[in-house]
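# Geometric and topological summary
Here is what each chain is made of, one letter per residue.
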Amino acid sequence: KHSSSSGRIDEIDTNNNAEPDFLWFGTTERMKESTCLFYHTLQVRPLKRIPKARVMNCPTTSWWTEDHREEVKRREPADYAVWRTANAILDARVMKMREDIRRTLEDEEGLAPRVRDQYRALVDAGCLE
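Note that the coordinates shown come from a computational prediction; the quantities given were computed from them, not determined experimentally. (Residues numbered from 1 in each chain as written. Predicted model: local features only at pLDDT ≥ 70, side-chain atom pairs only at ≥ 80, totals over all residues. Heavy atoms only, no water.)

## As for the side chain of His40
Structurally, His40 can be placed in helix H1 (residues 31-42). His40 sits in the buried class, given a relative accessible area of 16%. Once residues lying within four places of it in the same chain are set aside, the contact partners of His40 are Met97, Asp100, Ile101, Tyr119 and Leu122. (Helix = DSSP H or I, 4+ residues; strand = E, 2+ residues; numbered from the N terminus. Buried < 20%, exposed > 50% of the residue type's maximum accessible area, 1.4 Å probe, protein only. Contact = heavy atoms within 4.5 Å.)

Next up, the structure:
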């Protein structure tokens, strides 16, 4: 939403040439799910290939032992709490997205072609996996 000169956030200020801002973040370890949720939320078709120009190469944590995890919890409790919260929110939103995709595609014949193609593209991109 945009802020207008009247202060109402539901009005668009057509005199403002600035592009609208939005914030999106995903969990690095779950980038595929995060990206699917992004496409679903904005109701756009997934790209065939995700651009990598601005993607940071973050090392995976799959090699961590339980001792490593406990050390992070001990040294960085706030970071760990944010990470757990972000994952819980992502779990809920991904589950809701998958439920919406499945429910919507139960009656593909009754969907407008654009909607059907959008949802089929999400399936093809692996968003139900």
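## Quick look at the nonpolar core
If you look at the biggest cluster of nonpolar residues, it comprises twelve residues: Cys36, Leu37, Tyr39, Leu90, Val94, Met97, Ile101, Leu105, Leu111, Tyr119, Leu122 and Cys127. Listed by contribution, the elements that provide at least two residues to this core are H1, helix H3 (77-105) and helix H4 (113-124). Looking at which element gives the most residues to this core, the answer is H3, with five residues. Residues in contact with Leu111, not counting those within four places in the same chain, are Thr104, Leu105 and Arg116. (Core = buried A, V, L, I, M, F, W, Y, C linked by side-chain atoms within 4.5 Å.)

## Focus on the packing of H1 against H4
It is at 11 Å that the axes of H1 and H4 come closest, and there the two elements cross at 175 degrees. Taken as axis vectors, H1 and H4 run roughly antiparallel relative to one another. Residues Cys36, Tyr39 and His40 of H1 pack against Gln118, Tyr119 and Leu122 of H4. Here the residues of the contact of H1 with H4 sort into four nonpolar, two polar and no charged. (Axes fitted to C-alpha atoms, helices over the stretch in contact; angles between N-to-C directions. Parallel < 35°, antiparallel > 145°, perpendicular 65-115°, else oblique. Nonpolar A, V, L, I, M, F, W, Y, C, P; charged D, E, K, R; others polar.)

## Here's the deal with H1
Spanning twelve residues, H1 covers 16 Å between terminal C-alpha atoms, matching the ideal 16 Å at 1.5 Å per step. Within H1, burial applies to Ser34, Thr35, Cys36, Leu37, Tyr39 and His40. Residues of H1 that are buried in the fold lie against H3 and H4. Phi for Gln43, located one or two positions after H1, is positive at around 55 degrees. (Expected span 1.5 Å × (residues − 1).)

## Description of the state of the cysteines
Under the counting rule described, the total for this entry stands at one disulfide. Disulfide pairing places Cys36 opposite Cys127 at an S-S distance of 2.1 Å. On the sign convention where negative means left-handed, the S-S torsion of about -85 degrees between Cys36 and Cys127 marks this disulfide as left-handed. With a gap of 91 residues between them, Cys36 in helix H1 and Cys127 in the segment after H4 connect regions that are remote in the sequence. Note on accessibility: Cys36 and Cys127 belong to one class, buried. (Disulfide = S-S within 2.5 Å.)

## Quick look at the side chain of Asn87
Its place among the elements puts Asn87 in helix H3. Here Asn87 falls in the buried class, since its relative accessible area comes to 11%. Aside from chain neighbours lying at most four places away, what touches Asn87 is Thr27 and Arg30.

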